[in-house]
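A structural walkthrough
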Amino acid sequence: MIPSQPLALGAYGLLFAGIVSVAFVSQYLATIDANVLKITALDANTPQPTQKQKIPLSDQEIKLNHAVEQSLRQINLPWVGLFQSLERANQTNVILRAIEPNASTGKLQISGATTNINNMMAYLNNISQLPELENAVITSHELDSSQGDLPINFVLEATWRK
């Protein structure tokens, strides 16, 4: 049986459309392949980092880094526990005027005032018994009669146990 002419023309039209589609797809794939090759070539020519470069810091940056590290050490100190221990140790007639921790040296300096030398020495003994501190010593003391009820001023220093 011979196909009718309109049916044959339709078949040839579909065949032609398929061939054109294959040509376009082939051209599109060839373009993609070319682009992949270009990208690969560009990537091959791009220098890859081999090692982290160390850039020297300026004096100002070094000082800033040191200050930040110092601040972080101060922040990380166990403040609450220390203050609670200092409060428990003060069973005598001593008024604390300043507590100055120094994280970089591990020292704690306490300034206080009391009515007499015995109270000062009792406070030193109490501080020496704290598990958080060691090597507690009176670094200075003075009698200041103008202070009224608290004429003995003293400075105590201790090492913070880590």
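Residues numbered from 1 in each chain as written. Predicted model: local features only at pLDDT ≥ 70, side-chain atom pairs only at ≥ 80, totals over all residues. Heavy atoms only, no water.

1. Considering the side chain of Ser111
Put simply, the rule is: Only DSSP runs of H or I reaching four residues or more are called helices, and only runs of E reaching two or more are called strands; each is numbered from the N terminus. Only heavy atoms enter the contact rule, under which two residues are in contact if any of them lie within 4.5 Å.
With respect to the helices and strands, the residue Ser111 is situated in strand 2 (residues 107–114). The contact partners of Ser111, leaving out residues within four places of it in the chain, are Ile95, Leu96, Arg97, Ala98, Phe154 and Val155.

2. Digging into helix 4 (residues 117–128)
The condition that has to hold: In a helix, the anticipated span is given by 1.5 Å times the number of residues less one. Relative accessibility under 20% of the residue-type maximum defines a buried residue, over 50% an exposed one, and the middle range a partly exposed one, all with a 1.4 Å probe and only protein chains included. This arc corresponds to the set of directions leading from the helix axis out to the C-beta atoms. In the analysis that follows, any N or O atom pair within 3.5 Å is treated as a polar contact, provided that within protein one partner can donate a hydrogen and the other can accept it, and provided that, for residues neighboring in sequence, both atoms belong to side chains.
Compared with the 16 Å implied by 1.5 Å per residue over twelve residues, the 16 Å span of helix 4 between its first and last C-alpha is a close match. Here helix 4 has its buried residues at Asn119, Met120, Tyr123, Leu124 and Ile127. Buried residues of helix 4, viewed axially, fall in a sector of 140°; they line one side. Elements that come into contact with the buried residues of helix 4 comprise helix 3 (79–89), strand 1 (94–102), strand 2, strand 3 (133–143) and strand 4 (152–160). Looking at where helix 4 begins, the residue whose side-chain oxygen comes 3.0 Å from the main-chain nitrogen of Asn118 is Asn116.

3. Thoughts on the side chain of Asn119
Secondary-structure assignment places Asn119 in helix 4. On the basis of relative accessible area, Asn119 is assigned to the buried category, the value being 16%. At 3.4 Å, the side chain of Asn119 forms a polar contact with the side chain of Thr114. Beyond its immediate chain neighbours, meaning those up to four positions away, Asn119 contacts Thr92, Asn93, Val94 and Thr114.

4. A closer look at the nonpolar core
Note on soluble globular proteins: their nonpolar side chains tend to be buried together. The line we're drawing: Residues enter a nonpolar core if they are buried and are Ala, Val, Leu, Ile, Met, Phe, Trp, Tyr or Cys, with the set joined through side-chain atoms within 4.5 Å.
Formed by 18 residues in total, the largest nonpolar core has its most connected members in Leu86, Ile110, Tyr123, Ile127, Leu133 and Leu156. Of all elements in the fold, only helix 3, strand 2, helix 4, strand 3 and strand 4 reach the threshold of two or more residues within this core. Considering every element that reaches this core, the biggest residue donor is strand 4, with five residues. Each residue touching Ile127, except ones within four places of it in the same chain, is listed here: Leu86, Ala89, Ile110, Leu133, Ala136 and Leu156.

5. Some remarks on the sheet that holds strand 1
We apply this condition: In this description, strands pair whenever DSSP reports at least two bridges between them. Here an angle of 0 to 180 degrees is reported between the N-to-C directions of two axes, which are lines fitted to C-alpha atoms, with helices fitted over the stretch in contact.
Ordered in space as 1-2-4-3, the four strands form an open sheet in which the pairing is antiparallel. Edge strands, defined here as strands with exactly one partner in the open sheet, are strand 1 and strand 3. On average, each strand axis in the sheet is inclined to that of its neighbour by 20°, with strand direction left out of account. Examined bridge by bridge, strand 3 and strand 4 share eight bridges and lie antiparallel to one another. When the sheet's bridge partners are listed, Leu143 is paired in strand 4 with Ile152. Across the sheet, helix 4 is in contact with strand 1, strand 2, strand 3 and strand 4; its angle to strand 3 comes to roughly 165°.

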